[in-house]
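The chain contents come next:
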Amino acid sequence: MRTSKFQCRGLDYRLCLLTFAICLLLFGTVSRLNISNVSYATVTKLQHFNPKRVISKGKGYPPVLAYWIFGTKGESKKALRLLKAVYHPRNQYLLQLDDGSSESERMDLALSVKSHQVFEAFGNVNVIGKSYAINRMGSSALSAPLHAAALLLKMNPDWDWFITLSASDYPLMTQDDMLHAFTFLPTYLNFIHYTNKTVRNQQRDMNQIVVDPSLHNEKSSSLFFAVESRETPDALRYFKYCVNGWDNLPRKLLMFFTNVVYPLESYFHTVLCNSPEFQNTTVDNNLIYSLFDTDPSESQLLDLSHYDTMLETGAAFARPFGEGDLVLEKIDDLILNRSSNGLVPGEWCSSNQTTKISEGEEELCSLSGNIDAVNPGPFGIRLKTLLAEIVNSRRSRPRQCQG
């Protein structure tokens with residue numbers, strides 16, 4: 001085996017080590033994102049690569065949403081509950097637990113998906129079997145959604161929007177509502193939050209160089225902060241583009257954001273605003289009600305006291321919720337019309353077609369419903385109106401990206 005020596009002769013040793021670390025991180029990022037190297041072995045053998053039922057697409061039909069649901073140790077039940085709350089046969093779903101979870105926990109999640117008759121019948125839910133480290137502050141947190149999007153594109157590229165949810169998120173409307181509202185939108189729109197003014201964002205220094213060992217380690221570890229800093233590039237002023245980018249912009253920006261604190265909060269925004277093809281496709285609204293936007297303290301959770309406020313915003317999702325909180329039961333009962341272990345009924349699965357197979361097990365929907373039709377409620381009609389207003393405001397302000 002041929003080896004090569006890393007020559008530091010004549011260089012400052014700190015700069016030499018920093019350069020070497022950056023090279024390792026870039027190699028880790030590229031290896032995760034290289035589509036030709038994405039093996040189906042990464043996803044458990046319990047998955048399906050081709051949908052078992054053909055859905056209709058085109059004018060007048062609802063879109064297809066691709067969901068990436070991720071969690072950590074002890075969150076497999078939360079992830080499964082969230083999956084059932086946002087499930088629809090038209091969509092694609094990819095579940096992942098990070099390195100904090102055990103192999104048995106990931107296998108239990110995969111077996112739960114495999115044993116569910118509806119998921120098995122439609123074949124649109126997959127679970128990543130192999131975990132890797134993710135540090136929420138570092139570039140490994142940026143690599144993870146790119147890797148998830150790459151897997152979803154590899155398995156089934158026929159989707160319109162990519163939605164990332166943590167196990168602590170929860171919907172504030174049904175999928176029939178969501179699909180109804182998005183049916184009338186141009187699919188080139190990208191919903192992304194630009195105006196988040198948290199303390200963390202205000203204090204972050206883009207010129208500070210950091211190294212995230214979690215990008216190539218099996219277990220998450222703390223960031224390394226370099227003494228040196230760098231100047232912001234002059235050019236630094238979606239998902240398919242970021243994964244299969246047909247020019248070098250996503251890759252060049254990835255090289256820069258690999259060594260930035262909280263790159264997930266800036267990378268996609270910067271790609272969109274610096275790409276001529278996408279810079280006028282942005283909508284400054286991610287449709288999520290988040291306590292992080294008003295209080296950066298990650299210890300605060302949503303509860304019943306936030307219920308009315310959440311609904312007044314018209315958001316499609318909210319975060320973060322604690323496991324089993326009473327507010328989730330209220331959302332299930334009053335908004336989703338969902339039983340404790342069941343799926344959300346819709347045009348594809350009407351509530352009068354469910355049967356309970358045994359005590360404590362899911363109420364299974366009839367598989368004879370129409371998966372190409374949706375039956376929106378008041379929340380879906382309201383969201384459609386809200387999105388129409390947002391799109392109209394975009395047309396009056398075509399430049400969404402500000403310097």
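Every value quoted in this text rests on a predicted model; they were computed, and no experiment measured them.

**Student:** What is the right way to read the sheet that holds strand β11 (residues 317–319) from this model?
**Tutor:** Strands in a sheet are paired, the pairing made by backbone hydrogen bonds, and the direction either parallel or antiparallel. In spatial order, the strands read β5-β11-β10; together these 3 strands make up an open sheet with mixed pairing. At either margin of the open sheet sits one strand with a lone partner, and together these are β5 (170–171) and β10 (288–290). Bridging between β10 and β11 involves 3 bridges; their strand directions are parallel. Paired with Ile288 across the strands is Phe317, a residue of β11.

**Student:** Which parts of the structure should I look at to understand the packing of aromatic side chains?
**Tutor:** Here a ring pair, both rings aromatic, is described through the centre-centre distance and the interplanar angle of the planes. Counted by the stated rule, this structure contains 12 aromatic pairs. Here the basic side chain of Lys330 rests over the ring of Tyr307, its NZ or CZ set 4.2 Å away from the ring centre. The residue whose ring lies beneath Lys384 is Phe184, and the NZ or CZ to ring-centre distance is 3.9 Å.

**Student:** What's the story with the environment of Val118 in this structure? I'm lost.
**Tutor:** Here Val118 is to be found in helix α4 (residues 117–122). When its relative accessible area of 1% is taken as the criterion, Val118 is described as buried. C-alpha of Val118 to C-alpha of Pro89: the two residues are 29 residues apart in sequence and 8.5 Å apart in space.

**Student:** Could you clarify how one ought to interpret the pairing of strand β4 (residues 161–166) in this entry?
**Tutor:** Each regular strand shows side chains that alternate between the opposite faces of the sheet. Of all the 6 residues making up β4, 5 are buried; the element is thus mostly covered by neighbouring parts of the structure. Pairing of strand β1 (residues 65–71) with β4 involves 6 bridges; the strand directions are parallel. From the neighbouring strand, Trp68 faces β4, where its bridge partner is Thr164.

**Student:** I would appreciate a short explanation of the environment of Cys349 in the present structure.
**Tutor:** Position of Cys349 among the secondary structure elements: in the loop between α12 (326–336) and β12 (355–356). Since its relative accessible area comes to 1%, Cys349 is described here as buried. Along the chain, Cys349 and Asn370 lie 21 residues apart, while their C-alpha atoms are 8.0 Å from each other.

**Student:** Looking at this structure, how should I read the confidence of the model for the protein?
**Tutor:** Low pLDDT means the predicted coordinates in that region are not meant to be read closely. Mean pLDDT for the protein: 75, with 65% of residues reaching 70 or above. Note that pLDDT drops below 50 for residues 197–203; the model gives that stretch 10 contacts with residues more than four away or on any other chain.

**Student:** Before we go on, may I ask you to explain the pattern of salt bridges in this structure?
**Tutor:** Two side chains with opposite charge may pair up if their charged atoms get near one another. One pass over the structure, following the stated rule, counts 8 salt bridges. The salt bridge partner of Asp372 is Arg90, with a shortest N-O separation of 2.7 Å. Exposure class is identical for Asp372 and Arg90. Each is buried. With a shortest N-O distance of 3.4 Å, Glu120 and Lys114 are connected by a salt bridge. In this structure Glu120 comes out as partly exposed when scored by relative accessible area, which is 23%. Classification of Lys114 by relative accessible area gives partly exposed; the value is 34%. Among the charged side chains, a network of salt bridges with common partners joins Lys57, Asp158 and Asp160.

**Student:** Before we go on, may I ask you to explain the packing of helix α9 (residues 249–257) against helix α10 (residues 267–274) in this structure?
**Tutor:** When two helices pack together, their arrangement is captured by the angle between the axes and the distance separating the axes. At a minimum axis separation of 10 Å, α9 and α10 run at an interaxial angle of 145°. Taken as a pair, α9 and α10 cross one another with a handedness that is right-handed. Taken together, the residues of α10 that come into contact with α9 (itself represented by Leu249, Pro250, Leu253, Leu254 and Phe257) are Tyr267, Thr270, Val271 and Asn274. Grouping the constituent residues of the contact of α9 with α10 by class yields 7 nonpolar, 2 polar and no charged.

**Student:** Is there a simple way to explain the sheet that holds strand β2 (residues 92–97) in this structure?
**Tutor:** Taken together, 4 strands build an open sheet; the order of strands is β3-β2-β1-β4 and the sheet is parallel. Across the chains shown, the open sheet's two edge strands, defined by having one partner strand only, are β3 (125–127) and β4. Adjacent strand axes in the sheet meet at a mean angle of 20° when their direction is disregarded.

**Student:** What exactly am I supposed to notice about α10 here?
**Tutor:** The periodicity of an α-helix, 3.6 residues per turn, causes residues three or four positions apart to be oriented the same way. Of all 8 residues making up α10, 7 are buried, and the element is well covered by its neighbours. Within the span of α10, buried status applies to Tyr267, Phe268, His269, Thr270, Val271, Leu272 and Cys273.

**Student:** Just checking my understanding: could you explain α9 for this structure?
**Tutor:** Residues of α9 that are buried: Leu249, Pro250, Leu253, Leu254, Phe256 and Phe257. Buried residues along α9 cover an arc of 160° about the axis, so they all sit on one side.

Basis of the calculations
In every chain, residue numbers begin from 1 and rise along the written sequence. The predicted nature of this model means local features are confined to residues of pLDDT at least 70 and side-chain atom pairs, given and counted, to a pLDDT of 80 or more, with totals for whole chains, interfaces and linings taken over all residues. Neither water nor hydrogens contribute to the side-chain values; these are computed over all heavy atoms in the structure. Any two strands with at least two DSSP-identified bridges between them are counted as paired. Helix and strand labels come from DSSP, where a helix needs a run of H or I of at least four residues and a strand needs a run of E of at least two; each type is numbered from the N terminus. Aromatic pairs are defined between Phe, Tyr and Trp rings, using the six-membered ring for Trp, whenever the two ring centres lie within 6.5 Å; interplanar angles under 30 degrees are classed as stacked, those over 60 as edge-to-face, and all others as tilted. Only lysine NZ and arginine CZ atoms are considered, and such an atom sits over a ring when it is within 6 Å of the ring centre and within 35 degrees of the ring normal. In this scheme, a residue with accessible area under 20% of its type's maximum is buried, one over 50% is exposed, and one in between is partly exposed, where area comes from a 1.4 Å probe on protein chains only. A residue's pLDDT is simply how confident the predictor is in it, with values from 0 to 100. In this description, contact between two residues means that some pair of their heavy atoms is separated by no more than 4.5 Å. Whenever Lys or Arg places a side-chain nitrogen within 4 Å of a carboxyl oxygen from Asp or Glu, that contact is recorded as a salt bridge. Helix axes are fitted only over the stretch in contact, all axes being lines through C-alpha atoms; the angle between N-to-C directions runs from 0 to 180 degrees. For a crossing to be left-handed, the near helix must be turned anticlockwise from the far one by less than a right angle; the clockwise case is right-handed. Ten residue types, Ala, Val, Leu, Ile, Met, Phe, Trp, Tyr, Cys and Pro, are classed as nonpolar, four, Asp, Glu, Lys and Arg, as charged, and the remainder, Gly among them, as polar. Directions are taken from the helix axis to each C-beta atom, and the arc is the one they span.

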